[in-house]
Amino acid sequence: MLRQPVPAAVPGEASRGDDELLARIAAGSQAALSELMARYGRGLRTFATRYLGHAADAEDVVQEVFVTVWKQAARFDPGRGRASTWLYRITANRCIDQRRRRALRNFFGLDDIGEEPAAPEANAETATAARQELAIVREGLSSLPERQRMALLLRAVAELDIGGIADVMGTSTGSVEQLLVRGRRTLRDLLADAAQGRERKSS
């Protein structure tokens, strides 16, 4: 039996699908919640991990996000923005809360955080250089002012546009553009300095 071709996605189709899922969640559908988690869980975890620096904390955040979605889906208003923006706004707020909790635990000496297991390493020199650059970028991200770091991660990981980032962060599009410009400039300078260092060592 021949399969029918899958129709191409049309603009706004994913957004409408998200709105329908949230409406079903608001009506008590656990299946709709599972579908939304499958659709956005990985992206939210990646964003939270990059922002917080700890996979375990990120997992806690994402669980809290979907508990919030389950409880508050009825409050989502598709007329005020996209569902994806709403999800990342909740996640960003939970990340800020998590950082505050971690700071408190550190202050009282209650943290015992281990490093994440290292991924299998490739043998190619290019892979080594790429890992070094990634390490520099991650270290640079962690040293950026908090709002610059959040704006960059919302752009690079969540793939939100300027307007979406502004909605998540509760600021203007102009402010977001400035945050992105400053953050990218800092990261470019770090990579340039590292490249010059490698050249000096090899010469």
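If you're wondering where the values come from, they're calculated on a predicted model, not measured in any experiment. Numbering of residues starts from 1 in every chain and runs along the sequence as written. Reporting of local features is limited, given that this is a predicted model, to residues whose pLDDT is at least 70; pairs of side-chain atoms are given and counted only at 80 or more, and all residues count toward the totals for whole chains, interfaces and linings. Excluding hydrogens and water, the side-chain values take into account all heavy atoms of the structure.

With that settled, consider the packing of aromatic side chains. Each aromatic ring pair is specified by the distance between its two centres and by the angle formed by the two planes. Under the pairing criterion, centres of Phe, Tyr and Trp rings, with the six-membered ring standing for Trp, must be within 6.5 Å; the plane angle then separates stacked pairs below 30 degrees from edge-to-face pairs above 60, leaving the rest tilted. Evaluation of the coordinates by the stated rule reveals three aromatic pairs. Aromatic side chains Phe76 and Trp86 sit 5.4 Å apart centroid to centroid with 45 degrees between the ring planes, which places their arrangement in the tilted category. Here Phe76, found in the loop between helix 3 (55-72) and helix 4 (83-107), pairs with Trp86, found in helix 4; they are 10 residues apart in sequence, far enough to count as distant. Directly above the ring of Tyr51 sits Arg99, whose terminal nitrogen or CZ lies 5.6 Å from the centroid. Helix and strand assignments follow DSSP, with helices taken as H or I runs no shorter than four residues and strands as E runs no shorter than two, numbered in order from the N terminus. We count a charge as sitting over a ring when the NZ of a lysine or the CZ of an arginine lies within 6 Å of the ring centre and within 35 degrees of the ring normal.

Residues that lie three or four places apart on an α-helix share one face, since the helix turns once every 3.6 residues. Under the 1.5 Å per step criterion, the end-to-end length of helix 3 is 25 Å for 18 residues, consistent within 8% with the ideal 26 Å. Burial here depends on accessible area, computed with a 1.4 Å probe over protein chains only, as a share of the maximum for the residue type. Under 20% is buried, over 50% is exposed, and the range in between is partly exposed. If you check which residues of helix 3 are buried, you get Asp57, Ala58, Val61, Val62, Val65, Phe66, Thr68 and Val69. Each residue after the first adds 1.5 Å to the expected span of a helix.

Next up on the list: helix 7 (residues 162-169). Listed as buried for helix 7 are Gly164, Ile165, Ala166, Val168 and Met169. In the stretch just after helix 7, Gly170 is the one whose phi turns positive, near 65 degrees.

What follows deals with the environment of Arg24. The residue Arg24 is located in helix 1 (residues 13-26) in this model. For Arg24 and Ala73, which are 49 residues apart along the polypeptide, the C-alpha to C-alpha distance reads 8.7 Å. Note on contacts: a residue pair qualifies if any of its non-hydrogen atoms lie within 4.5 Å across the two residues. Among residues more than four places away in sequence, those in contact with Arg24 are Ser29, Ala31, Ala32 and Glu35.

Axis lines are fitted through C-alpha atoms, for helices just across the contact stretch, and the angle between N-to-C directions can take any value from 0 to 180 degrees. Relative orientation of the contacting elements helix 2 (residues 30-52) and helix 3 amounts to 145 degrees, with a least axis distance of 8 Å. The interaxial crossing formed by helix 2 with helix 3 has right-handed handedness. On helix 3, the residues that touch Gln30, Leu33, Leu36, Met37, Gly41, Leu44, Arg45, Ala48, Thr49 and Leu52 of helix 2 are Ala55, Asp57, Ala58, Glu59, Val61, Val62, Val65, Phe66, Val69 and Trp70. Residue polarity follows a fixed list, in which Ala, Val, Leu, Ile, Met, Phe, Trp, Tyr, Cys and Pro are nonpolar, Asp, Glu, Lys and Arg are charged, and the others, Gly among them, are polar. Among the residues making up the contact of helix 2 with helix 3, the classes are represented as 14 nonpolar, three polar and three charged. Helix crossings get a hand from a simple test, with the near helix turned counterclockwise from the far one by less than a right angle marking a left-handed crossing and a clockwise turn marking a right-handed one.

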